[in-house]
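# Structural features, examined
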Amino acid sequence: MLTILPCTGRNAVRGVKRTKYKNVLFKSKFEADLAKKFDSLGIEWEYEPFSIPWQPAVRKYTPDFRLTLADGTEIILESKGFFDPSARSKMAQVRSQYPDLNIQFLFMDENKVVTKSSSRRTTYKEWAEKHGYKVCSLDTLAESNSTNVERKTCRTGKHGSTRRSKGSHQGRAQASS
């Protein structure tokens, strides 16, 4: 059974400059840029909307975004610039414990190599797919949102033009220190 915990705060990340957009304090410029792009695409978003407990010790995984496409489809999005070994281990365990969650990755560079020391160089995208995750891009999200809006409009037949949901900034706003 899935237990979703409300987010009550974020551990401080030393040496990381946070970026603010729409009164939401993002832990990276990459995440803030994604939020801006989601707004321009008409994709509703929430930043760090909840936490999921995971084992071996009781820990919490807090996804970066929850996206809601125009047709109501929800995607839990994990955005990654650098995908370190501890993050890969955590995500492998989260997938094995919550196989039915629609968690997808959006990498800054999906072709970046996980480790250069191995004989078989695995990219971030290959690692994610090997562990049962879908990898998306801003283009595929835009296409899915646009296609879903058109399908929804055609299905209902109530509106002569396609409608897009407006971006949301329901993420947790944090006061600047």
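Along every chain, residues carry numbers that run from 1 in the direction the sequence is written. Reporting in this predicted model follows two pLDDT cut-offs: at least 70 for local features of residues, and 80 or more for side-chain atom pairs to be given and counted; totals over whole chains, interfaces and linings ignore these cut-offs and use all residues. Excluded from the side-chain calculations are hydrogens and water; all other atoms, namely the structure's heavy atoms, are used.

On to the pairing of strand S6 (residues 65-68). Accessible area is worked out with a 1.4 Å probe on protein chains only. A residue is then buried under 20% of its type maximum, exposed over 50%, and partly exposed in between. Helix and strand assignments come from DSSP, with helices taken as H or I runs of at least 4 residues and strands as E runs of at least 2, each series counted from the N terminus. By the alternation rule, side chains of S6 split into Phe-65 and Leu-67 and Arg-66 and Thr-68, which are all buried. Strand direction decides the pairing type here: strand S3 (residues 44-47) and S6, joined by four bridges, are antiparallel. The residue of S6 that forms the bridge with Tyr-47 is Phe-65. Relative to strand S7 (residues 74-80), S6 runs antiparallel, the two sharing four bridges. Along S7, the bridge assignment pairs Arg-66 with Ile-76. Strands were regarded as paired on the criterion that DSSP finds at least two bridges between them.

A separate point is the sheet that holds strand S8 (residues 103-107). The mixed open sheet is built from five strands, whose spatial order is S3-S6-S7-S8-S9. Only two strands of the sheet have a single partner each, and these edge strands are S3 and strand S9 (134-135).

Here the focus is the packing of aromatic side chains. The geometry of an aromatic ring pair comes down to the distance between the two centres and the angle between the two planes. Note on aromatic contacts: the rings of Phe and Tyr and the six-membered ring of Trp form a pair at centre separations within 6.5 Å, being stacked when their planes are under 30 degrees apart, edge-to-face when over 60 apart, and tilted otherwise. Under the defined criterion, the tally for this structure stands at 16 aromatic pairs. Plain terms: the ring middles of Phe-26 and Trp-45 are 5.9 Å apart, the flat faces sit at 45° to each other, and that makes the pair tilted. Placement of Phe-26 in strand S2 (residues 24-26) and of Trp-45 in strand S3 is noted, with a sequence separation of 19 residues between them. Residue class for Phe-26 comes out buried when judged on its relative accessible area of 0%. Of the residues examined, Trp-45 reaches a relative accessible area of 0% and is grouped as buried. Residues Trp-45 and Phe-65 carry aromatic rings whose centres are separated by 6.1 Å and whose planes lie at 80° to one another, so their mutual orientation is edge-to-face. Remark: Phe-65 occurs in strand S6 and Trp-45 occurs in strand S3; sequence separation between them is 20 residues. Residue Phe-65 is classed as buried on the basis of its relative accessible area, which comes to 0%. Taken together, Tyr-21, Phe-26, Phe-38, Trp-45, Tyr-47 and Phe-65 form an aromatic cluster joined through their ring pairs.

This part is about unusual backbone geometry. Notably, Lys-22 is not glycine yet its phi reads approximately 50°, a positive angle. Positive phi, close to 40°, is recorded for Glu-48, a residue that is not glycine. Inspection of the secondary structure assignment puts Glu-48 in the loop between S3 and strand S4 (52-54). Given a relative accessible area of 1%, Glu-48 falls into the buried group.

A separate point is helix H1 (residues 29-41). Taking 1.5 Å per residue, 13 residues should reach 18 Å; H1 reaches 18 Å between its end C-alpha atoms and fits that length. What H1 keeps buried is the set Phe-30, Glu-31, Ala-32, Leu-34, Ala-35, Phe-38, Asp-39 and Leu-41. After H1 finishes, the residue Gly-42 shows a positive phi value of roughly 75°. Expected helix span is computed as 1.5 Å times (number of residues minus one).

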